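# Structural overview
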Amino acid sequence: MSKNISIVQSTCVPLPIENVDTDQIIPARFLKATSREGFGKNLFRDWRYNNNDESQPKKEFTLNDPRYCGSILVAAKNFGCGSSREHAAWAIKDYGFDVVVSSFFADIFKNNALNNFLLPVRVSEGFLQKIFTAVQQDPSTQLEVNLENETIKVVDTGDKEHFDINPYKKECMIHGYDDIDYLLNIMNEIEQFEDKTHNH
């Protein structure tokens, strides 16, 4: 599971459902585990299977649709609302997604995603619809998310939009730093700065 993200170019999995809450992303009964591993298999559990039975996948659900795959999940607006469980971000990342695109994220989900190297890309409603349309017409449509430039592009059409990200989180994601790694990294810079100031 890669931590650092700079450019992600991939096909995507469309989830055109609004107000997806964290309980739908990862149902509460799976929250007992404390490690981040293994949550992916229960991502959207109740939507993926009939009667919670893995041998009965719901064919119409997007994760079970063989046409759709890739490391980018494209969701409709207000994604990640509901209770604040970090496991929602763990499950999406563990499943294999590096990026989630939506026209609106719940704040707590957005922060949990950023802390777990899952990039939440907020786009306009119009751009989101362009993505859904392109993917429905051709499931092999690729998106390119460039974190350095803060742009997302539909590769085939060249349609492109800018997105915003907290500069500190951007730095952490590009380098694969968590908060502690970041501090260790700037410690060196601080020490070098102190050496310079003492020598004058």
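Residues numbered from 1 in each chain as written. Predicted model: local features only at pLDDT ≥ 70, side-chain atom pairs only at ≥ 80, totals over all residues. Heavy atoms only, no water.

### A few points about the overall build of the protein chain
For the protein chain, the helix and strand inventory stands at seven helices and seven strands. Shown N-terminal to C-terminal, the secondary structure of the protein chain runs as helices and strands in the order β-α-α-β-α-β-α-β-α-β-β-β-α-α. Within the protein chain, the fraction of its 200 residues that count as buried is 45%. Sequence separation of at least 24 residues holds for 64% of the intrachain contacts in the protein chain that already meet a minimum separation of 6. When the accessible surface of the protein chain is split by element, carbon and sulfur atoms take 49% of a total near 10,400 Å². The averaged location of the 30 negative side-chain charges in the protein chain is 5 Å from the averaged location of its 21 positive side-chain charges. (Helix = DSSP H or I, 4+ residues; strand = E, 2+ residues; numbered from the N terminus. Buried < 20%, exposed > 50% of the residue type's maximum accessible area, 1.4 Å probe, protein only. Contact = heavy atoms within 4.5 Å. Areas by Shrake-Rupley, 256 points an atom, 1.4 Å probe, with all protein chains shown as cover. Lys, Arg positive; Asp, Glu negative; His and termini not counted. Charge placed at Lys NZ, Arg CZ, Asp CG, Glu CD.)

### Some details on the pattern of salt bridges
With the rule as written, the count across this model stands at seven salt bridges. The salt bridge partner of Arg-67 is Asp-65, with a shortest N-O separation of 2.8 Å. Its relative accessible area of 48% is what places Arg-67 among the partly exposed residues. We classify Asp-65 as buried; its relative accessible area is 13%. Between Glu-150 and Lys-170 there is a salt bridge, and its shortest N-O distance comes to 3.1 Å. One end of the pair, Glu-150, is in the loop between strand E5 (142-146) and strand E6 (151-154); the other, Lys-170, is in helix H6 (residues 167-175), and 20 residues separate them in sequence. For Lys-170, a relative accessible area of 15% puts it in the buried group. (Salt bridge = Lys/Arg side-chain N within 4 Å of Asp/Glu carboxyl O.)

### Focus: the sheet that holds E5
On the basis of which strands lie adjacent, the open sheet formed by seven strands has the order E4-E3-E2-E1-E5-E6-E7 and mixed pairing. The sheet terminates laterally at strand E4 (119-122) and strand E7 (160-162), the two strands that pair on one side only. Sheet twist, expressed as the average angle between the axes of neighbouring strands with direction ignored, equals 25°. Bridge count for strand E1 (residues 7-15) against E5 is five bridges, and the pairing is antiparallel. Residue pairing in the sheet places Gln-9 in a bridge with Glu-144 of E5. (Pairing = 2+ DSSP bridges. Axes fitted to C-alpha atoms, helices over the stretch in contact; angles between N-to-C directions.)

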